[in-house]
Amino acid sequence: MEALTSLVARNFKVFTRDKTGVFFSFLSVVIVIVLYAVFLQKMQVDAIKQTAEATDEVVTMVNEWLVAGLLSIIAVTSTLGVFGIAVKDIETKATADFLTAPVSRATLQLSHVFNAMLIGLSFSVIGLIGCEIFLVVTGGQWLSLTGFLNVLGILVLSVLLASVFNTFLVLLVSTQNSFSTLSTIVGTLIGFLCGVYVPLGALPSFAQHIIMYFPISHTTMLLRNEFMEDSLQNVFAGAPVEVVQEYKLVYGVTYKLHGHELSLPTSYLIVGLAIVVLAILSIMIFKRKHR
Amino acid sequence: MTVAISVENLRKLYDRHEAVRGITFQVEQGTLFAFLGANGAGKSTTIEILCTLLKKSSGNVTINGYTLDASNDNAEIRKSIGVVFQQSFLDERLTVYENIMHRGKMYGLTKATLSENYQFVNKYLHLEDIEKKKYGTLSGGQKRRADIARALIHRPSILFLDEPTTGLDPQTRQFVWQTIKQLQEDSNMTVFLTTHYMEEAAMAHKVVVLKQGEIVAEGTPDELKTKYAYDQMALVFQDRMQGMEWLTGLKLSYSEKQGIFTVRLDSTLQALGLLKQCEHLLASFEVIKGTMDDVFIHIMEDGGIEDGGVNQSSSAQLQGVYSR
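Just so it is clear, the model here is predicted, and its values are computed rather than measured.

Chemist: Go over the overall build of chain B, please, and point to the residues and values.
Modeler: Looking only at helices and strands, chain B has 12 helices and 14 strands in total. Taken over 324 residues, chain B has a buried fraction of 52%. A separation of at least 24 residues holds for 69% of the contacts in chain B among residues at least 6 apart in sequence. Accessible surface computed for chain B: about 15,000 Å², of which carbon and sulfur atoms make up 48%. In chain B, 35 side chains carry a positive charge and 40 a negative one; their mean positions are 6 Å apart.

Rendered as structure tokens:
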């Protein structure tokens, strides 16, 4: 146990002291912010103008939409960046030094997974605080206490999911080169797969299906529901139900799969199941690798 | 004397290539043991097996009474060994102190024991000037000091060093040797080192020479020297042909390279008699004492002195002596 906590602490330091490494694991987050500042925000506000009155509340709602996507991407990219240490340890044979001490390979692997969760959670909470400040400064409201706790809960879930998801992916690569390729691919795709770069409704239907089957996008969707709940009511007050529904579907606040609207509990279930399945798969691959 | 490491008929087979071919040896508790061999002789493979990092193909190994690869015994073995690798494996962005402490905690020691051990290690490696520095900013010699400190932090009874001085400057090499020797003497630690430096092997209590995965010689440095090293005399004659005739007449075996004749001597004093006989023919001469280098070269190049001739490599060395 002491070995595990010490290893996690070591991994934590090794990751956070590499400032450029930390920055690059947030590259896709930076891209989202830039995209949003340049055109995503304006595009959405313009679209809503056609059905509802463009007020400050619309801007706030759109900002909240962005924040939800941003936070779910942070969970994925930060936890993935952490596994760079695991891959580097193996390739530079630093692992050998750890293995001359009475610790098992499983403990080493677990230390990287726990570190990923720790880093993911830290950066998610920092991200949440930053996002809240941004929302309030731009004219929005603070989250209520229950809303804040709900968001925290979803963030914990999304960090768990991202950690096992990345554990699974990283078990498939063995060199630093292939790891950086993997990071590039994940960093590029995650914005699309969570419907953040482009709204869900703007994509062809097969792409929409891919997104809705992709478990991590459900954490984005759950976050959107938490953040946008009040604004949705304010903005679309008095508007026909169909208009609200249409907006929710186009911007990925509600998923409609094969003609059925997915309830929020269903999404929680999907996230939970994905965590369990990916964890089992990871353990199986790990055991195969180190027979 | 108790046995710290016992290896019996150890083999390691990679896909098609057999890196270690049935070696047997013992290391006594509290001694300095050197594993000598050229690159690719199987030294590192053997050390990795002994350190529980690599699975053996067959054979029996016991370390401090624990059987390698037996259930739970590997964990016990790991607690009692420290390893210094050829390369450095500490974290560049952590300080020396952080590095050592983080790795020390993997042995399940209490904070008190750990800091006590750190004081002990510090006595030998003088970490004061580097303990607060990031490992990545250190020089090669400083890094080595940190590496050795890390390997000793849990006070192992056996220290493995895989070519610990390769790539270091002579001063640091000297420091590393002295430290290892002192540690071994002070705390009765068993030291197992692999090397291809003769001088390093010469300070060991026992040397085992490995060639292509097999043991080709073993003994104390003195024993090996007596058996495999011999004195030689190099002669340059005023007239090459006359000199050659004289040597042939004496029925001495010799080799020649660019006018330098090399004769093997049974003893150093034999040179005196020979020199007197050929004084009038000589342009220059040199008597070369046998060294540990010869042991290595003779064992490696021609598997010993049985064939009698002076080998190529020694002549090449002599040439070096002359051209200086």
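Having seen the model, we can carry on.
Chemist: If you had to explain a nonpolar patch on the surface to someone new, which residues and values would you point to?
Modeler: Residues and elements named next belong to chain A. Taken together, Phe 23, Phe 24, Leu 27, Val 30, Ile 31, Val 34, Val 38, Phe 39 and Met 43 make up a surface patch of nonpolar side chains, about 790 Å² in accessible area. Listed by contribution, the elements that provide at least two residues to the nonpolar patch are α2 (19-25) and α3 (27-49). With seven residues, the top contributor of residues to the nonpolar patch is α3. In this fold, Val 30 is placed in helix α3.

Chemist: How would you sum up the interface of chain A and chain B? Please name residues and give values.
Modeler: Taken together, the contacts link 21 residues of chain A with 22 residues of chain B. Between chain A and chain B the total buried area reaches about 2,100 Å² when both faces are included, carbon and sulfur atoms providing 57% of it. Where chain A touches chain B, the interface holds six salt bridges. There are 12 residue pairs in polar contact (both at pLDDT 80 or more) connecting chain A and chain B.

Chemist: Describe the pattern of salt bridges, naming the residues involved and giving the relevant values.
Modeler: For the structure on display, the rule yields 19 salt bridges over all chains. Close ionic contact of A:Asp18 with B:Arg93 constitutes a salt bridge, the shortest N to O distance being 3.4 Å. Highlighted residues: A:Asp18 in the loop between α1 (2-16) and α2 and B:Arg93 in the loop between β6 (81-84) and α3 (96-104), drawn from two different chains. On the basis of relative accessibility, which here comes to 21%, the residue A:Asp18 falls in the partly exposed class. The class of B:Arg93 is partly exposed, set by a relative accessible area of 35%. A salt bridge links B:Lys56 to B:Asp69, with the shortest nitrogen-to-oxygen separation between them at 3.4 Å. With B:Lys56 in the loop between α1 (43-50) and β4 (58-63) and B:Asp69 in the loop between β5 (66-67) and α2 (73-80), this residue pair connects regions lying 13 residues apart in the sequence. One network of salt bridges, in which partners are shared, links A:Arg10, A:Asp89, A:Asp97, B:Asp91, B:Arg103 and B:Arg150.

Chemist: Quick one: what's the story with the pairing of strand β7 (residues 158-162) of chain B, residue by residue and with numbers?
Modeler: Moving residue by residue along a regular strand, the side chains alternate between the two faces of the sheet. Residues and elements named next belong to chain B. Burial analysis of β7 places five of its five residues in the buried class, the great majority of the element. Taking every second residue as pointing to the same face, both faces of β7 are buried, with Ile 158, Phe 160 and Asp 162 on one and Leu 159 and Leu 161 on the other. In terms of strand pairing, β6 meets β7 through four bridges, oriented parallel. Bridging from a neighbouring strand, Gly 82 pairs with Leu 159 of β7. Strand direction decides the pairing type here: β7 and strand β8 (residues 190-195), joined by five bridges, are parallel. What sits directly across from Asp 162, in β8, is Thr 194. Tracing the backbone out of β7, into helix α6 (residues 170-187) and back to the parallel element β8 gives a crossover that is right-handed.

Chemist: Lay out empty space enclosed by the protein in plain terms, naming residues and giving numbers.
Modeler: The tally for this structure, following the rule as stated, stands at two cavities of 30 Å³ or more. Lining the largest cavity are A:Asp97, B:Val83, B:Val84, B:Phe85, B:Gln87, B:Ser88, B:Phe89, B:Leu90, B:Arg103, B:Arg144, B:Asp147 and B:Arg150. The set of elements that each furnish at least two residues to the lining of the largest cavity consists of β6 and α5 (140-152) of chain B. By residue number, the principal contributor to the lining of the largest cavity is α5(B), which donates three residues. Split by residue class, the lining of the largest cavity holds five nonpolar, two polar and five charged.

Chemist: I'd like to hear about the nonpolar core, residue by residue, with values.
Modeler: Most often, soluble globular proteins keep nonpolar side chains buried together rather than apart. In this structure, A:Leu71 and A:Phe227 are the most contacted members of the largest nonpolar core, which totals 78 residues. With residues up to four places along the chain from it excluded, the contact list for A:Leu71 reads A:Ser124, A:Gly127, A:Leu128, A:Cys131, A:Leu155, A:Leu223 and A:Phe227. Counting 49 residues, the second-largest nonpolar core is a separate cluster that includes B:Leu152, B:Leu161, B:Val176 and B:Ala217.

Chemist: Let's hear about the sheet that holds strand β12 (residues 254-257) of chain B: which residues, and what values?
Modeler: Residues and elements named next belong to chain B. Judged by pairing direction, the sheet is antiparallel, and its four strands sit side by side in the order β12-β13-β11-β14 without closing on themselves. What marks the edges here is a single partner per strand, and that holds for β12 and β14 (282-288). Each strand of the sheet is rotated relative to its neighbour by a mean of 20 degrees, with strand direction disregarded. In terms of strand pairing, β12 meets strand β13 (residues 260-264) through four bridges, oriented antiparallel. The residue bridging Lys 257 from the neighbouring strand is Ile 260, located in β13. Sheet contacts for helix α9 (residues 240-249): β11 (232-237), β12 and β13; angle to β12, the most-contacted strand, approximately 165 degrees.

Chemist: Break down the environment of B:Ala229 for me, citing the residues and quoting the values.
Modeler: Residues and elements named next belong to chain B. Position of Ala 229 among the secondary structure elements: in the loop between α8 (221-228) and β11. With 43 residues separating them in the primary sequence, Ala 229 and Asp 186 have C-alpha atoms 32 Å apart. Sequence-distant contacts of Ala 229, that is, excluding residues within four places in its chain, are made with Leu 224, Gly 290, Thr 291, Asp 294, Val 295 and His 298.

Chemist: Let's hear about the packing of aromatic side chains: which residues, and what values?
Modeler: The geometry of an aromatic ring pair is captured by two quantities: the separation of the ring centres and the angle between the planes. Across all of its chains, the model carries 21 aromatic pairs over all chains by this definition. By the ring-pair criterion, three or more aromatic residues cluster together here, those being B:Phe25, B:Phe33, B:Phe35, B:Phe160 and B:Phe192.

Chemist: How would you explain the packing of helix α4 (residues 56-91) of chain A against helix α8 (residues 176-193) of chain A if you had to name every residue and give the values?
Modeler: All names here are of chain A. The interhelical angle for the contact between α4 and α8, taken along N-to-C directions, is 175 degrees, at an axis separation of 10 Å. By the criterion of interaxial angle, the relationship of α4 to α8 is roughly antiparallel. On α8, the residues touching Ile 73, Val 76, Leu 80, Gly 81, Phe 83, Gly 84, Val 87, Lys 88 and Glu 91 of α4 are Gln 176, Phe 179, Leu 182, Ser 183, Val 186, Ile 190 and Gly 191. Looking at the contact of α4 with α8, its residues break down into nine nonpolar, five polar and two charged.

Reading the values: the criteria
- Residues numbered from 1 in each chain as written.
- Chains lettered and ligands numbered in written order.
- Predicted model: local features only at pLDDT ≥ 70, side-chain atom pairs only at ≥ 80, totals over all residues.
- Heavy atoms only, no water.
- Helix = DSSP H or I, 4+ residues; strand = E, 2+ residues; numbered from the N terminus.
- Buried < 20%, exposed > 50% of the residue type's maximum accessible area, 1.4 Å probe, protein only.
- Contact = heavy atoms within 4.5 Å.
- Areas by Shrake-Rupley, 256 points an atom, 1.4 Å probe, with all protein chains shown as cover.
- Lys, Arg positive; Asp, Glu negative; His and termini not counted.
- Charge placed at Lys NZ, Arg CZ, Asp CG, Glu CD.
- Patch = residues over 30% accessible without salt bridge, like charges linked within 9 Å, V, L, I, M, F, W, Y side chains within 5 Å.
- Salt bridge = Lys/Arg side-chain N within 4 Å of Asp/Glu carboxyl O.
- Buried area = accessible area lost by both parts, 1.4 Å probe.
- Polar contact = N/O pair within 3.5 Å; in protein donor to acceptor, adjacent residues only side chain to side chain.
- Pairing = 2+ DSSP bridges.
- Right-handed = clockwise from strand over helix to strand, strands pointing away.
- 1 Å grid on protein atoms, 1.4 Å probe; cavity = no way out; pocket = protein on both sides within 12 Å on 5 of 7 lines; lining within 4 Å.
- Points joined across faces, edges and corners; volume = space filled by probe spheres on them.
- Nonpolar A, V, L, I, M, F, W, Y, C, P; charged D, E, K, R; others polar.
- Core = buried A, V, L, I, M, F, W, Y, C linked by side-chain atoms within 4.5 Å.
- Axes fitted to C-alpha atoms, helices over the stretch in contact; angles between N-to-C directions.
- Phe/Tyr/Trp six-rings, centres within 6.5 Å; stacked < 30°, edge-to-face > 60°.
- Parallel < 35°, antiparallel > 145°, perpendicular 65-115°, else oblique.

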